[in-house]
Amino acid sequence: MYSTTYHKPASIEDAIAALNGGEDTKILAGGQTLIATMKQHLAAPSDLVDIRAIGGMSGISAAGGALTIGAATTHAEVASSAEVKSLCSALCDLAGGIGDPAVRHQGTIGGSLANNDPAADYPAAILALGATIKTNTREIAALDFFDGLFTTALEENEIIVSISIPVPQKAAYAKFPQPASRFALVGVFVAQTDDGVRVAVTGAGEDGVYRHQGLEEALGSNWSASAAAGVPISPDGLMSDLHGTAAYRANLIGVMAKRAVAAT
Amino acid sequence: MTSIKMTVNGKSVEKEVADQTLLSEFLRENLRLTGTHVGCDTSQCGACTVHVNGKSVKSCTTLAVSLDGAEVTTIEGVANGELHPMQVAFNDNHGLQCGFCTPGMIMSGIDMVNRYKASGQELTSDAIRHELEGNICRCTGYHNIVKSIQDAAAKM
Ligand code: FES
Ligand code: FES
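Please read all numbers here as calculations on a predicted model, not as lab measurements.

Glancing now at the domain arrangement of chain B. All names here are of chain B. The domain architecture assigned to chain B consists of domain 1 (2–77) and domain 2 (85–155). Using only C-alpha atoms to locate each centre, domain 1 and domain 2 end up separated by 21 Å. On the side of domain 2, 13 residues touch domain 1, which itself brings 18 residues to the contact. Buried surface at the junction of domain 1 and domain 2, summed over both partners, amounts to about 1,100 Å²; 60% is from carbon and sulfur atoms. Broken down residue by residue, the surface that domain 1 buries against domain 2 is led by His37, His51 and Ile75, which jointly contribute 41%.

Residue and element names in this part refer to chain A. As for its placement among the helices and strands, Asp241 is situated in the loop between α10 (225–229) and α11 (246–262). Under the relative-accessibility criterion, Asp241 is labelled partly exposed at 32%. In terms of polar contacts, Asp241 uses its side chain to reach the backbone amide nitrogen of His243, at 2.9 Å.

All chains considered together, the criterion is met by one cavity of 30 Å³ or more. Lining the largest cavity are A:Asp100, A:Pro101, A:Ala102, B:Ser56, B:Ser108, B:Asp111, B:Met112, B:Arg115, B:Glu131 and B:Asn135. Every element with two or more residues in the lining of the largest cavity is listed here: α5 (101–104) of chain A together with α3 (102–119) of chain B. For the lining of the largest cavity, the element with the most residues is α3(B), which contributes four residues. Of the residues contributing to the lining of the largest cavity, the split by class is three nonpolar, three polar and four charged.

With that out of the way, let us pick up helix α1 (residues 23–30) of chain B. All names here are of chain B. Taken as a whole, α1 has its buried residues at Leu23, Ser24, Phe26 and Leu27. Next to the buried residues of α1 lie β1 (2–8), β2 (11–17), β3 (49–52) and β5 (71–73). After α1 finishes, the residue Arg32 shows a positive phi value of roughly 60 degrees.

Glancing now at the sheet that holds strand β3 (residues 47–50) of chain A. Residues and elements named next belong to chain A. As summarised here, the arrangement of the three strands in space is β1-β3-β2, forming an open sheet in which the pairing is parallel. Here the strands that pair on one side only, and so sit at the sheet edges, are β1 (5–7) and β2 (25–28). Taken over all neighbouring pairs, the strand axes of this sheet differ in orientation by 25 degrees on average, direction set aside. Direction of pairing for β1 relative to β3: parallel, over a ladder of three bridges. Looking at the pairing, His7 lines up with Val49 of β3. Strand contacts of helix α1 (residues 12–21): β1, β2 and β3, with the helix running at about 145 degrees to β2, the strand carrying the most contacts.

Conventions and cut-offs
- Residues numbered from 1 in each chain as written.
- Chains lettered and ligands numbered in written order.
- Predicted model: local features only at pLDDT ≥ 70, side-chain atom pairs only at ≥ 80, totals over all residues.
- Heavy atoms only, no water.
- Domains from an automatic or database assignment.
- Contact = heavy atoms within 4.5 Å.
- Buried area = accessible area lost by both parts, 1.4 Å probe.
- Helix = DSSP H or I, 4+ residues; strand = E, 2+ residues; numbered from the N terminus.
- Buried < 20%, exposed > 50% of the residue type's maximum accessible area, 1.4 Å probe, protein only.
- Polar contact = N/O pair within 3.5 Å; in protein donor to acceptor, adjacent residues only side chain to side chain.
- 1 Å grid on protein atoms, 1.4 Å probe; cavity = no way out; pocket = protein on both sides within 12 Å on 5 of 7 lines; lining within 4 Å.
- Points joined across faces, edges and corners; volume = space filled by probe spheres on them.
- Nonpolar A, V, L, I, M, F, W, Y, C, P; charged D, E, K, R; others polar.
- Pairing = 2+ DSSP bridges.
- Axes fitted to C-alpha atoms, helices over the stretch in contact; angles between N-to-C directions.

In structure tokens, the structure reads:
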């Protein structure tokens, strides 16, 4: 790994100052992607700004029909949270299926969202649940947040502070893991919310996470595994790689959607 | 370079390290605690698993500087005069062959037993297999590792 300078600010102001002070600075939230990327020399930030010591950055609370999860909350904390379990257990299942136990002890929800890996699990949940991403400067609706592979609406040096998730009526996540990486080869998050049914697909789209209109329409009029099974899934715009062709992924989307609905 | 202070296996240590030093490098090269193995160096194999503040982490994917003030336990620190029940169980159940993955297996095993006990869940053999997702063994076929962890869970 190339040399870097580490900062551990205790406040957002200090974090912003550190981020603006370096030549090529990166935010470190859990490091389970960033450190691996730095080891491969795919990233060589001059400065790392660790946001985990900033007060209020981690933790889970529930109020007014919404769950709020701090950006530096680890996957293990979400997976084992009694509050999340009672209000949106699909999120516990999703968090508990990311990577492996040691990765879950360090990886964070904010880090996962900011990275927007096209095969990451959290983006599917955040999009399907219609969450709001709060940063140090503004609030961004999930619909406006994901912007293609590894790209988000975040400005340079903007810091995610927390994620606010409206409690759904019903929700579930089904994932077909890529056996080596444990990332989603295809993951489908289905949710019945106050503004209707949303279905988000990760691992498959060439531009990253996306909503599947056909599945949303079918499940909006009939919430059942058989309704999901009847939806034709086009392979257009889906990824093809050595793990699976676009047609294989299209088929998996239907299968995962069916499994997710059956699990609600 | 940054000066960091942490407690490793109950002893306080203070060292000057380059900011990009991995915890695995810090343990092996600065502290000469070579029981923590580096198998893949890419977060997959789990041979480098240690405990930070009581939780399992992959030391190859953790920066030492980020752990100023932390408590770290490595395989060298789990025996307390006599072998830890997890170590005894690996011995009794033939849970290792070449032994390369074993430090990570033991650290992950202790972590999972502690978590399941704390939450009152039963650690079934299926659950152990699932929990071992991030620990790879090229020798044993896992069967005796699962048996070892189950045996230790009953004694811990
Ligand atoms: S050496 Fe760290 S996971 Fe393999
Ligand atoms: S005993 Fe040889 S790698 Fe596990």
